[in-house]
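So you can see what is in the structure, the chains are spelled out below.
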Amino acid sequence: GAGVSQTPSNKVTEKGKYVELRCDPISGHTALYWYRQSLGQGPEFLIYFQGTGAADDSGLPNDRFFAVRPEGSVSTLKIQRTERGDSAVYLCASSLQGNRELFFGEGSRLTVL
Amino acid sequence: AQRVTQPEKLLSVFKGAPVELKCNYSYSGSPELFWYVQYSRQRLQLLLRHISRESIKGFTADLNKGETSFHLKKPFAQEEDSAMYYCALLNSGYALNFGKGTSLLVTP
């Protein structure tokens with residue numbers, strides 16, 4: 001389909017391991033967002049890309065989290081030395097520049113044992 | 001601080017009854033507010049935004065700056081309205097700040 005695609009849909013890892021989560025936005029959408037949703041909470045902003053650059057990464061909780069979007073399309077969220085508290089659903093969304101409507105993916109559920 | 005509060009975690013109503021999902025915000029400036037909805041096994045999607053003043057699926061929401069509220073209303077709830085509803089405030093022009101959500105259950 002033409003929606004935002006996220007892989008993997010589920011990821012189980014052990015504490016201390018490295019994880020990559022991928023987001024493929026809707027074609028033509030220049031803005032891309034990562035959110036994290038913990039159980040019982042609303043989505044929490046992590047980072048925003050406009051094109052290839054991270055326009056705002058103020059939501060990243062610490063330096064274990066990093067995201068890239070090298071060609072202005074697909075984005076990867078990288079988490080180093082995972083901790084149990086990183087367990088959550090990681091949501092990606094995209095939008096047309098200047099458009100307030102975000103289109104979300106189905107999320108990647110990360111479980112850190 | 002810019003914040004969105006949804007005081008009800010769960011709201012249960014009978015089919016055909018009116019429904020109001022509460023949302024309060026704190027924001028210094030002119031707020032831009034949205035309601036997003038997530039139906040069972042579906043992705044989060046935009047329901048409506050205050051600037052367009054539209055009615056979607058029978059839902060409306062009015063921005064009340066005096067009460068700093070943006071409550072979502074529908075006069076006659078339907079079973080298919082059962083879902084998780086999130087109020088969101090646009091922060092810094094691009095980042096949405098979401099509330100914790102209200103789970104609406106419409107029973108027959």
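Located above this text is the structure these notes cover.
Here we summarise the structure given alongside this text.

Cut-offs applied
Along every chain, residues carry numbers that run from 1 in the direction the sequence is written. Naming scheme: in the order in which they are written, chains are lettered from A and ligands are numbered from 1. The predicted nature of this model means local features are confined to residues of pLDDT at least 70 and side-chain atom pairs, given and counted, to a pLDDT of 80 or more, with totals for whole chains, interfaces and linings taken over all residues. The side-chain values count all of the structure's non-hydrogen atoms but skip hydrogen atoms and water molecules. Note on terminology: disulfide denotes any pair of cysteine sulfur atoms within 2.5 Å. Strands here mean DSSP runs of E at least two residues long; helices mean DSSP runs of H or I at least four residues long; both are numbered from the N terminus. We call a residue buried when its accessible area falls under 20% of the maximum for its residue type, exposed when it is over 50%, and partly exposed in between, using a 1.4 Å probe and counting protein chains only. In this description, contact between two residues means that some pair of their heavy atoms is separated by no more than 4.5 Å. Values labelled buried area give the accessible surface lost by two parts on being combined, using a 1.4 Å probe and summing over both. Throughout this description, the term salt bridge denotes a Lys or Arg side-chain nitrogen within 4 Å of a carboxyl oxygen of Asp or Glu. The pairing criterion for strands is at least two bridges between them, as found by DSSP. Note on definitions: angles span 0 to 180 degrees between N-to-C directions of axes, and those axes are lines fitted to C-alpha atoms, for helices only across the stretch in contact. Working definition: a ring pair exists when centres of Phe, Tyr or Trp rings (six-membered ring for Trp) sit within 6.5 Å. Plane angles under 30 degrees give stacked, over 60 give edge-to-face, the rest tilted. Here the nonpolar core consists of buried residues drawn from Ala, Val, Leu, Ile, Met, Phe, Trp, Tyr and Cys, with membership extended through side-chain atoms lying within 4.5 Å.

A closer look at the state of the cysteines
- Taken as a whole and assessed by the stated rule, the structure comprises two disulfides over all chains.
- Paired through a disulfide, C23(A) and C92(A) show a sulfur-sulfur distance of 1.9 Å. Since a negative S-S torsion denotes a left-handed disulfide, the C23(A)-C92(A) link at about -70° is left-handed. Linking C23(A) in strand β3 (residues 19–24) with C92(A) in strand β9 (residues 88–95), this pair joins segments that are 69 residues apart in sequence.
- Taking the relative accessible area as the measure of exposure, C23(A) reaches 0% and is therefore buried.
- Across a sulfur-sulfur distance of 2.0 Å, C23(B) and C87(B) are joined as a disulfide pair. Its torsion about the S-S bond being -65°, the disulfide of C23(B) and C87(B) is classed as left-handed. Here C87(B) lies in strand β9 (residues 83–91) and C23(B) lies in the loop between β3 (19–21) and β4 (24–26), a separation of 64 residues in the sequence. Accessibility assignment for this pair places C23(B) and C87(B) in one class, buried.

Things to note about the interface of chain B and chain A
- Taken together, the contact pairs 16 residues of chain B with 20 residues of chain A.
- The junction of chain B with chain A conceals about 1,600 Å² of combined surface from both sides, 52% of it contributed by carbon and sulfur atoms.
- In this assembly, chain B and chain A are joined by three salt bridges.
- Here E32(B) ties to R100(A) by a salt bridge, and the two come within 3.2 Å at their closest N and O atoms.

Describing the sheet that holds strand β8 (residues 75–79) of chain A
Residue and element names in this part refer to chain A.
- With antiparallel pairing, four strands are arranged side by side in an open sheet as β1-β3-β8-β7. Every other strand in the sheet has two partners, leaving β1 (5–7) and β7 (65–68) as the edge strands with one partner each. The sheet shows a mean angle of 15° between the axes of neighbouring strands, direction not considered.
- Across four bridges, the pairing between β7 and β8 is antiparallel. Bridging from a neighbouring strand, F66 pairs with K78 of β8.

Here we look at the side chain of H50(B)
- Secondary-structure assignment places H50(B) in the loop between β6 (45–49) and β7 (60–61).
- When sequence neighbours within four positions are dropped, the list of residues in contact with H50(B) reads P31(B), E32(B), L33(B), L63(B) and F70(B).

So, the packing of aromatic side chains
- By the definition in use, this model includes 10 aromatic pairs over all chains.
- Ring centres of F34(B) and Y36(B) lie 6.5 Å apart, and the angle between their planes is 45°; on these two criteria the pair is classed as tilted.
- Residue F34(B) is classed as buried on the basis of its relative accessible area of 0%.
- For Y36(B), a relative accessible area of 0% puts it in the buried group.
- Between Y86(B) and F98(B), the aromatic rings sit 6.3 Å apart at their centres with planes inclined by 90°, giving edge-to-face as the arrangement. Residue Y86(B) is located in strand β9, and its partner F98(B) is located in strand β10 (residues 95–98); the two are separated by 12 residues in the primary sequence.
- Members of the aromatic cluster, connected to one another through ring pairs, are Y35(A), F45(A), F104(A), F34(B), Y36(B), Y86(B) and F98(B).

Topic: the environment of T60(B)
Residues and elements named next belong to chain B.
- Assignment of secondary structure puts T60 in strand β7.
- A C-alpha to C-alpha distance of 18 Å links T60 and F98, two positions 38 residues apart in sequence.
- Setting aside chain neighbours within four positions, we find T60 in contact with L48, E54, S55, H71, L72 and K73.

Observations concerning the pairing of β7(A)
- Only one face of β7(A) is buried: it carries F65(A) and A67(A), and the other face, with F66(A) and V68(A), is open.
- In sequence, β7(A) turns back onto β8(A) through a hairpin of six residues, with G72(A) there showing a positive phi of about 75°.

Considering the nonpolar core
- Counting 24 residues, the largest nonpolar core has L21(B), W35(B), L72(B) and Y85(B) as the members making the most contacts within it.
- Taken together, the elements giving at least two residues each to this core come down to β2 (10–14), β3, β5 (33–38), β6, β9 and β11 (102–107) of chain B.
- If one sorts the elements of this core by residue count, β9(B) sits on top with four residues.
- One finds Y33(A), Y48(A), L102(A) and A88(B) within the second-largest nonpolar core, a separate group that totals 21 residues.

Scope: geometric values only; no functional claims are made or implied.
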